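Chain residues, written in single-letter form:
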Amino acid sequence: MRAGTCAWNCGRGGSPLRYANAERSMAALRTLRFPSCLAFCRKHVNSITGRSFAKCQARFLSSVTERDGLQVSHNSNTGVVTLSMNKPPVNSLNLEFLQSMHKTLGEIQDDQDCRAVILTSGLTNIFCAGLDITEMYQPDDKRLREFWTSLQDMWIRLYSFPKTTMAAITGHSPAGGALLAMSCDYRVMAENFTIGLNETKLGIVAPTWFIDLYVGILGQRLSELALQTGKLFTSEEALKVGLVDQVVPLNDVIPTVEKELSEWKIPALARGMTKDVLRRIYWRKLQETQDVDTESFVFLIKQEKVQQTLGLYLQSLKNKKK
Ligand SMILES: CCCC/C=C/CC(=O)SCCNC(=O)CCNC(=O)[C@H](O)C(C)(C)COP(=O)(O)OP(=O)(O)OC[C@H]1O[C@@H](n2cnc3c(N)ncnc32)[C@H](O)[C@@H]1OP(=O)(O)O
């Protein structure tokens, strides 16, 4: 069926629903259980649904699912999926959340209608608080290993993601939160928040694959200073050192990412292969040493001194409220 003609022969061929992709609008109409022969005519869509055209159009263009702390919104007009972390209070990455992110990213990767992903947060003031410290404090041995393996798997998937990924950093983004953002292809951050690898402040050591990303972005000298001191950069500082690509007022973060995405009109194969060439050395390095990496993580976490410092850090977070 051609866009521009009404299949119901109502004579309104001049006012088709203006979708760029006729097949997509057909699919959207089917999900609303319209007989396919009713497609494209605004007059008939309105008379059947009783909705305004704008409301109908909004339903055609997006689908939203929410599961295990993640909201996935698919805009079928732009092919952009927004993956929003929604796990109060601070989007900390625990075992189940990491597994959920891994699974969801896999589904998005397989979605032929998706060309890009925006990673963001549904919580106020927080992008992601990093790893869930309670997973590392007085841990169960088996769960600790599973937790770390899930982080490795999720990171490999995100970092090697073949489609374009952009981080809309709408709040604080320490440690593992910074890792998520750094793994995306482009980063837009809201003003007046912080981002960085602050692990030493917790008495732990960022693993090599976190550090590799940092050095790749900041360079050796700045990484040495920032990592040893556990520095968290303000949004404005992060922009200066290249940790993020743009800093804008909070309400402009998502529109800015969307605008940037609309400007990335690059042939998908060429862009994806170039990204792969640049990144595979890092994720393959981890993939080939996953067991060793897990063992050194477990070894470090089980040190008495590390447990003491983690306990104190957790307590200091709780004491903030008092
Ligand atoms: C080889 C080892 C390598 C290990 C690598 C680790 C990488 C990591 O990601 S380690 C985690 C580093 N994360 C942090 O240091 C962030 C700590 N949190 C904060 O700085 C602040 O919470 C915040 C700036 C993110 C938010 O501040 P806000 O004032 O809005 O909220 P809070 O009152 O501080 O927190 C609310 C609530 O959440 C708990 N919480 C915060 N962060 C974490 C976390 N990462 N894991 C677990 N729980 C966390 C905090 O204790 C509060 O809990 P209660 O409501 O029960 O008091």
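Everything here concerns the structure above.
Residues numbered from 1 in each chain as written. Predicted model: local features only at pLDDT ≥ 70, side-chain atom pairs only at ≥ 80, totals over all residues. Heavy atoms only, no water.

Undergrad: What should I look at first to understand the site of the ligand in this one?
TA: Around the ligand sit 29 residues in total, of which L131, Y313, K318, K320 and K321 are the nearest. Within the backbone of L131, a nitrogen or oxygen atom sits 2.7 Å from an oxygen atom of the ligand. N198 has a polar side-chain atom sitting 3.1 Å from an oxygen atom of the ligand. In isolation the ligand offers 1,100 Å² of accessible surface; the protein chains occlude 81% of this area. Judged by the proximity of its atoms to the pocket grid, the ligand belongs to the largest pocket. (Near = heavy atom within 4 Å. Polar contact = N/O pair within 3.5 Å; in protein donor to acceptor, adjacent residues only side chain to side chain. Areas by Shrake-Rupley, 256 points an atom, 1.4 Å probe, with all protein chains shown as cover. 1 Å grid on protein atoms, 1.4 Å probe; cavity = no way out; pocket = protein on both sides within 12 Å on 5 of 7 lines; lining within 4 Å. Sits in = over half its atoms within 2 Å of the grid points.)

Undergrad: Looking at this structure, how should I read the sheet that holds strand β2 (residues 70–75)?
TA: The strands making up a sheet associate through hydrogen bonds between their backbones, and the pairing can be parallel or antiparallel. Read from one edge of the open sheet, seven strands run β1-β2-β3-β4-β6-β8-β11, paired in mixed fashion. Across the chains shown, the open sheet's two edge strands, defined by having one partner strand only, are β1 (62–67) and β11 (246–248). Averaged over all neighbouring strand pairs, the angle between strand axes comes to 20°, with direction disregarded. Across six bridges, the pairing between β1 and β2 is antiparallel. (Pairing = 2+ DSSP bridges. Helix = DSSP H or I, 4+ residues; strand = E, 2+ residues; numbered from the N terminus. Axes fitted to C-alpha atoms, helices over the stretch in contact; angles between N-to-C directions.)

Undergrad: Where do I start with the pattern of salt bridges in this structure?
TA: A side chain of one charge can pair with a side chain of the opposite charge if their charged atoms are brought near each other. Overall, the coordinates contain 15 salt bridges when judged by the stated rule. In this structure, D185 and K275 form a salt bridge, with 2.9 Å as the shortest nitrogen-oxygen distance. Of this pair, D185 sits in the loop between α7 (176–182) and β8 (186–190) while K275 sits in helix α12 (residues 268–288), and the two are 90 residues apart along the sequence. Considered together, D185 and K275 belong to a single accessibility category, that of buried residues. K259 is the salt-bridge partner of E263, the closest N and O atoms lying 3.0 Å from each other. One end of the pair is E263 and the other is K259, both in helix α11 (residues 253–263) and four residues apart, which spans about a single turn. E263 gets classed as partly exposed once you look at its relative accessible area, which sits at 48%. (Salt bridge = Lys/Arg side-chain N within 4 Å of Asp/Glu carboxyl O. Buried < 20%, exposed > 50% of the residue type's maximum accessible area, 1.4 Å probe, protein only.)

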